Amino acid sequence: MRVAAKLTMVLTLGAALAGSAPAFAAQPYEGFWASTKKDCRDDDSPNRMSIEGGNRLYWYETRCRASEITADGKLGWKMKLACEGEGEKFRSNPRVSIAVDGKLVMDNGPVGQAKRQTYVRCEIAKKR
């Protein structure tokens, strides 16, 4: 009986702590992004990307995982990425920021020919 009472107390305390623990909010840079709103609507556009779970970045043929993310200003982050794309593995060290107009700016990103890419946020319809 004592063991059952202790177990009940531990489970109750654990449930209370779990209910009061703060939920981790998504990072401001997470979500679906594209070069233009038109690219947002094109599922096969190479100009789309998504950032998921705070550390996984996906483009049309490139996948990256951030091993390190450090704040660089109020809405800026430096990342160390390990990437795969088109049969090759490589590393990248971009700086990601959210501009005043809400666009995502990526300097020295792993994809694209320009040193700087600018993306608009895509509104993805939720499935019912």
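This text follows the structure it describes.
The rules behind these values
- Residues numbered from 1 in each chain as written.
- Predicted model: local features only at pLDDT ≥ 70, side-chain atom pairs only at ≥ 80, totals over all residues.
- Heavy atoms only, no water.
- Pairing = 2+ DSSP bridges.
- Helix = DSSP H or I, 4+ residues; strand = E, 2+ residues; numbered from the N terminus.
- Salt bridge = Lys/Arg side-chain N within 4 Å of Asp/Glu carboxyl O.
- Buried < 20%, exposed > 50% of the residue type's maximum accessible area, 1.4 Å probe, protein only.

K.L.:
Honestly, the pairing of strand 5 (residues 76-85) in this entry has me stumped. Any pointers?
P.N.:
Regular strands show a simple pattern: their side chains alternate between the two faces of the sheet. One ladder, built from nine bridges, connects strand 4 (residues 62-71) with strand 5; its direction is antiparallel. Paired with Thr62 across the two strands is Gly85, which belongs to strand 5. In this structure, strand 5 lies alongside strand 7 (residues 95-98), joined through three bridges in antiparallel fashion. Residue Gly76 lies in a different strand from strand 7, and its bridge partner there is Ser97. Where strand 5 meets strand 6 (residues 88-92), five bridges bridge the pair, whose relative direction is antiparallel. When the sheet's bridge partners are listed, Ala82 is paired in strand 6 with Arg91.

K.L.:
Would you take a moment to explain the pattern of salt bridges for this structure?
P.N.:
When the charged atoms of two side chains with opposite charge come close together, those side chains can pair. In this structure the tally under the stated criterion is three salt bridges. Between Asp43 and Arg48 there is a salt bridge; the shortest N-O distance is 3.5 Å. What makes Arg48 buried here is its relative accessible area of 15%. Its salt-bridge partner being Arg95, residue Asp72 comes within 2.5 Å of it at the nearest N-O pair. Taken as a pair, Asp72 in the loop between strand 4 and strand 5 and Arg95 in strand 7 lie far apart in primary sequence, 23 residues in all.

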